[in-house]
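Chain residues, written in single-letter form:
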Amino acid sequence: MSDILRELLCVSEKAANIARACRQQEALFQLLIEEKKEGEKNKKFAVDFKTLADVLVQEVIKQNMENKFPGLGKKIFGEESNEFTNDLGEKITLRLCPTEEETVELLSKVLNGNKLASETLAKVVHQEVTFTDPTLDSIKITIPQDILGIWVDPIDSTYQYIKGSADIKSNQGIFPSGLQCVTILIGVYDVQTGVPLMGVINQPFVSQDLNTLRWKGQCYWGLSYMGTNLYSVPLSISKGNGSEPRSQLTENTGSEAEFSHPFSAVISTSEKETIKAALSRVCGERIFRAAGAGYKSLCVVQGLVDVYIFSEDTTFKWDSCAAHAILRAMGGGMVDLKECLDRNPETGLDLPQLAYHVENEGASGVDRWANKGGLIAYRSSKHLETFLRLLIQNLAPADTHR
């Protein structure tokens, strides 16, 4: 099993290299810049460049996994289609070719003959990547390959990726926006039960070398299966930020203000006013705003906040599966917010965990895979129960049944 997880980590790093190359290599960076200036679609190219980067990452993940584990590629799902039509009306299916030269030729068709950009991309796509983690090497566990399905979000927080802000300051270790909010998400789930089993979150843009302007990333993983729970040991996040991120649930500082607001939360800038008002009574000043569903979930994984809460239905299975698997391995999880608000805690019902194998009934397009009831990501079930009780107490009655 560690072989599949190790390969997922390798392909996530290859994906991160593609994401970094598109920002750091001049031939590719120009395509991003042109797109930013000219609106959503660059008229010169068969496809807007961010979509190409997304699809390329998704196909690299699919085809690398298929090569190593035949049959698994067909069970990798994501938002992007790999079919394009260029200016000549040719329909092109983007795939990873056996050789770098063939990939150049194919990319060149998609990019209407931009040879330099095609060569630059193909080189990164075909580069070998290795990944080592001592904890991973200790895993001796077998999960049958035929029960595995995989959700992929090739570049989460695309807007921050295109915008490319590198100078955003963090607030207690949490970045409200900027390249740090970009993540590559790979979540493995059980196709029979929908339970998340393995997750990889790759953060390609963690720190930038001010001399070379090159970025370094960081990778997080977790595995939870049949009572075995393992996850990567996170680095200390707070170094160099000038402020210590902390969770009051694990520390007692004796501060009266923090005692009365024991929880911290990260939310979307578009969160509903009713939820924000209730949260401010539960968390006080300890509410943080950040871009990207993957990044906000990562903040919970890193222990920068206790919960990530989102009441809308605009996150999808590919946004949540990776972090959900890691949080399960840590003793936490990800639950449906609406179902939590509707449930009676006195009856002792299990928390309504998100599942990944069933479409939403009556929905079409991407909405088939939306997290319809919103979500809460958390690290501790016990603390979640307390948090929910406080949240429900502070929500107006009508808001608990939306």
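Here is what the cut-offs are and how they apply
Residues numbered from 1 in each chain as written. Predicted model: local features only at pLDDT ≥ 70, side-chain atom pairs only at ≥ 80, totals over all residues. Heavy atoms only, no water. Buried < 20%, exposed > 50% of the residue type's maximum accessible area, 1.4 Å probe, protein only. Helix = DSSP H or I, 4+ residues; strand = E, 2+ residues; numbered from the N terminus. Pairing = 2+ DSSP bridges. Patch = residues over 30% accessible without salt bridge, like charges linked within 9 Å, V, L, I, M, F, W, Y side chains within 5 Å. Areas by Shrake-Rupley, 256 points an atom, 1.4 Å probe, with all protein chains shown as cover. Salt bridge = Lys/Arg side-chain N within 4 Å of Asp/Glu carboxyl O. Lys, Arg positive; Asp, Glu negative; His and termini not counted. Charge placed at Lys NZ, Arg CZ, Asp CG, Glu CD. Contact = heavy atoms within 4.5 Å. Core = buried A, V, L, I, M, F, W, Y, C linked by side-chain atoms within 4.5 Å. Axes fitted to C-alpha atoms, helices over the stretch in contact; angles between N-to-C directions.

A. Up close: the pairing of strand E13 (residues 375-378). Burial along E13 is two-sided: Leu375 and Ala377 and Ile376 and Tyr378, pointing in opposite directions, are all buried. Taken together, the three bridges between strand E12 (residues 333-335) and E13 define a ladder with antiparallel strand orientation. Bridge pairing links Val335 to Ile376 in E13.

B. Region of interest: a negative patch on the surface. Judged by side-chain charge, Glu100, Glu101, Glu102 and Glu105 come together as a negatively charged surface patch. Within the secondary structure, Glu101 is located in helix H4 (residues 100-110). Judged by relative accessible area, Glu101 falls into the exposed class, the value being 59%.

C. Quick peek at the side chain of Ser264. Its location among the elements puts Ser264 in the loop between helix H8 (256-260) and strand E9 (265-267). Classification of Ser264 as buried rests on a relative accessible area of 1%. When neighbours within four sequence positions are excluded, Ser264 is seen to be in contact with Cys283, Arg286, Phe288, Leu304, Val305, Asp306 and Val307.

D. Looking closely at the nonpolar core. With 66 residues, the main nonpolar core has Leu5, Ile18, Leu94, Leu148 and Tyr161 as its most contacted residues. Looking at which element gives the most residues to this core, the answer is helix H1 (residues 2-24), with twelve residues.

E. Molecular detail of the sheet that holds strand E8 (residues 228-231). The strand order E1-E4-E5-E6-E7-E8 describes an open sheet built from six strands, whose pairing is mixed. Both outer strands of the open sheet, strand E1 (76-78) and E8, are each paired with one neighbouring strand and no more. Direction aside, neighbouring strands of the sheet carry axes that sit 15 degrees apart on average. Pairing of strand E6 (residues 196-208) with strand E7 (residues 215-225) involves eight bridges; the strand directions are antiparallel. What sits directly across from Gln208, in E7, is Trp215. Contacting strand E4 (148-156), strand E5 (183-190), E6 and E7, H1 crosses the sheet at an angle of about 30 degrees to E6.

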